[in-house]
Amino acid sequence: MSDNIQKVTVLSKTTWTPNLFSFTVSRPDSFKFTAGQFVRLGVNPSQLNYYKQLSAVAEDEDEEDEDLNETLDEDIFRAYSIVSSPFDEILEFFSIVIPDGAFTSQLQHLEVGDELLLNTMPFGFLTLARYQKPLPKDLWLLATGTGLAPFLSMLQDLKTWEDYEHIVLAYSARSAEELAYMDKIESLQEDFGSLVDNPANLIFIPIVTREPVEGALTERLPKLLLDGTLQARAGIDLDVDSTHVMLCGNPEMVEDTKETLKRLGLVMNRRGEGNIAVENYW
C-alpha cells in the first residue's frame, strides 16, 4: 500500500434520499487540505460489513448468494470533495448512488465501523486562494447536487467570511427532498459569520427544477443568469471588476453555466486573474 494511502473508519452515515447520502470518517492526524479541494477515497467491497454479514448468513444456510459471487475483492478509488472545514476533527463526504457505478453502488452499503482508504494527497484548484484579481468582494457559489460539498467546506472557513462582503449560494436540485444540508446552510451565518468582525452577508437561493416549491426558483442556472432572475433574487449584479464565481456539479450544468457567464462579460480565472473557476474531476 502506498505511503499516501491510510485506512479511515466510518463514524456516521446520513441518508437524504434513496440516491443521496453523506458519511463521516476519522481524520488522519497528518492530513491537511484547503477548503474546496477533493481527495481520492477507496473501498474494497468484500471488506464491507454488509457483505461479510451476507457471507456469514449464506455459509450458515449452506447456500450460494449471487450478490456475494459478484462482490469485488479489489480497491476501487474515486474523487470526492470534502464537506468538512479544514479544521474539523473528522472528514465528511456527500455522495450520490449511481446504480451501476463500481464505486457508489458499493458505497451505499456503508455502515458505521467500516474501513475505507484515503489518499492523503489533496487535489484540485477550486479554492479561494486562486483569486488574485479581482480582489474579493462578491462571491457566487453555484452548485447542483453533490457539487454543494466544496462550498460547504469554504463556508465553514472563517477566512471566507472575513474576505467577502456578499456570498451568494445558489443550490439547484430536481426535487425539494434532494436539497440536502438545509439546516446547516440556514445556520452558517450565525455559526461562522458571527465569529468574525464585519462578516460577509450570506444570500441563499434554493432552486428546484422539477416541482414547485415555495421560495425556490425553478429554472436551470444558465437561464436564471441569462434573464437576470438570479441576480435580482440576490440583489447583486455580476461585475467583472468585483465578482468571483465558482461552479461545481454535473458536467452539463458546469459547461452551460460557464458559457453563460462568459456571455455576460465574465472571464475564466487563469494564473490568478479572472472571475470564473470550475472543477472538472467527474
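Quick note: structure is the one above.
Some words on the sheet that holds strand 1 (residues 5-17)
Point 1. If you walk across this open sheet you meet the six strands as 4-3-6-1-2-5, and the pairing is antiparallel. The open sheet has two edge strands with one neighbour each: strand 4 (76-81) and strand 5 (90-96). Neighbour-to-neighbour, the strand axes of this sheet turn through a mean angle of 40°, independent of strand direction.
Point 2. Bridge count for strand 1 against strand 2 (residues 20-26) is six bridges, and the pairing is antiparallel. Counterpart to Ser-12 in the pairing with strand 2 is Thr-24.

Quick notes on the nonpolar core
Point 1. The biggest cluster of nonpolar side chains holds 36 residues, and the ones touching the most others in it are Leu-141, Phe-151, Trp-161, Ile-167 and Met-246.
Point 2. Of all elements in the fold, only strand 7 (138-144), helix 4 (149-154), strand 8 (166-173), helix 6 (182-191), strand 9 (201-208) and strand 10 (243-248) reach the threshold of two or more residues within this core.
Point 3. Contact partners of Leu-141, with chain neighbours within four places excluded, come to Phe-151, Met-154, Leu-155, Ile-167, Val-168, Leu-169, Ala-170 and Met-246.

Some details on the environment of Asp-114
Point 1. Along the chain, Asp-114 falls in the loop between helix 3 (104-107) and strand 6 (115-123).
Point 2. For the pair Asp-114 and His-166, spaced 52 residues apart in sequence, the C-alpha separation works out to 40 Å.
Point 3. Contacts of Asp-114, omitting those with residues within four sequence positions, involve Val-8, Thr-9, Val-10, Gln-47, Leu-48, Asn-49 and His-109.
Point 4. In this structure the side chain of Asp-114 is engaged in a polar contact, spanning 2.8 Å, whose partner is the backbone nitrogen of Glu-111.

Brief notes about the side chain of Thr-260
Point 1. Its place among the elements puts Thr-260 in helix 9 (residues 251-263).
Point 2. Overall, Thr-260 belongs to the buried group, its relative accessible area being 6%.

Quick notes on the side chain of Thr-257
Point 1. You can see Thr-257 is positioned in helix 9.
Point 2. Excluding residues within four positions of it along the chain, Thr-257 makes contact with Leu-142, Leu-221, Pro-222, Leu-225 and Leu-247.

Topic: the pattern of salt bridges
Point 1. In this structure the tally under the stated criterion is seven salt bridges.
Point 2. A salt bridge links Lys-159 to Asp-163, with the shortest nitrogen-to-oxygen separation between them at 2.9 Å. Placement of both Lys-159 and Asp-163 in helix 5 (residues 158-163) is noted, with a separation of four residues, approximately one turn of the helix.
Point 3. One salt bridge connects Arg-174 with Glu-178, and the closest N-O pair in it is separated by 2.8 Å.

Notes on the sheet that holds strand 9
Point 1. Overall, parallel pairing links the five strands, which are arranged 9-8-7-10-11 in an open sheet. At either end of the open sheet lies a strand with only one pairing partner, and these are strand 9 and strand 11 (276-278). For this sheet the average axis-to-axis angle between neighbouring strands, irrespective of direction, equals 15°.
Point 2. With six bridges connecting them, strand 7 and strand 10 associate as parallel partners. Paired with Leu-139 across the strands is His-244, a residue of strand 10.
Point 3. The strands touched by helix 6 are strand 8 and strand 9; relative to strand 9, the strand with the most contacts, the crossing angle is about 160°.
Point 4. Each of strand 7, strand 10 and strand 11 touches helix 9; the most contacted strand, strand 10, lies at about 160° to it.

Observations regarding the pairing of strand 2
Point 1. Of all seven residues in strand 2, six are buried, a share of seventy percent or more.
Point 2. Remark: two residues form the turn of the hairpin made by strand 1 and strand 2, two consecutive strands paired antiparallel.
Point 3. Judged from the seven bridges that link them, strand 2 and strand 5 form a sheet pairing that is antiparallel. Counted as the bridge partner of Leu-20 is Ile-96 from strand 5.

Thresholds applied
Residues numbered from 1 in each chain as written. Predicted model: local features only at pLDDT ≥ 70, side-chain atom pairs only at ≥ 80, totals over all residues. Heavy atoms only, no water. Pairing = 2+ DSSP bridges. Helix = DSSP H or I, 4+ residues; strand = E, 2+ residues; numbered from the N terminus. Axes fitted to C-alpha atoms, helices over the stretch in contact; angles between N-to-C directions. Core = buried A, V, L, I, M, F, W, Y, C linked by side-chain atoms within 4.5 Å. Buried < 20%, exposed > 50% of the residue type's maximum accessible area, 1.4 Å probe, protein only. Contact = heavy atoms within 4.5 Å. Polar contact = N/O pair within 3.5 Å; in protein donor to acceptor, adjacent residues only side chain to side chain. Salt bridge = Lys/Arg side-chain N within 4 Å of Asp/Glu carboxyl O.

Worth remembering: the numbers are spatial, not functional.
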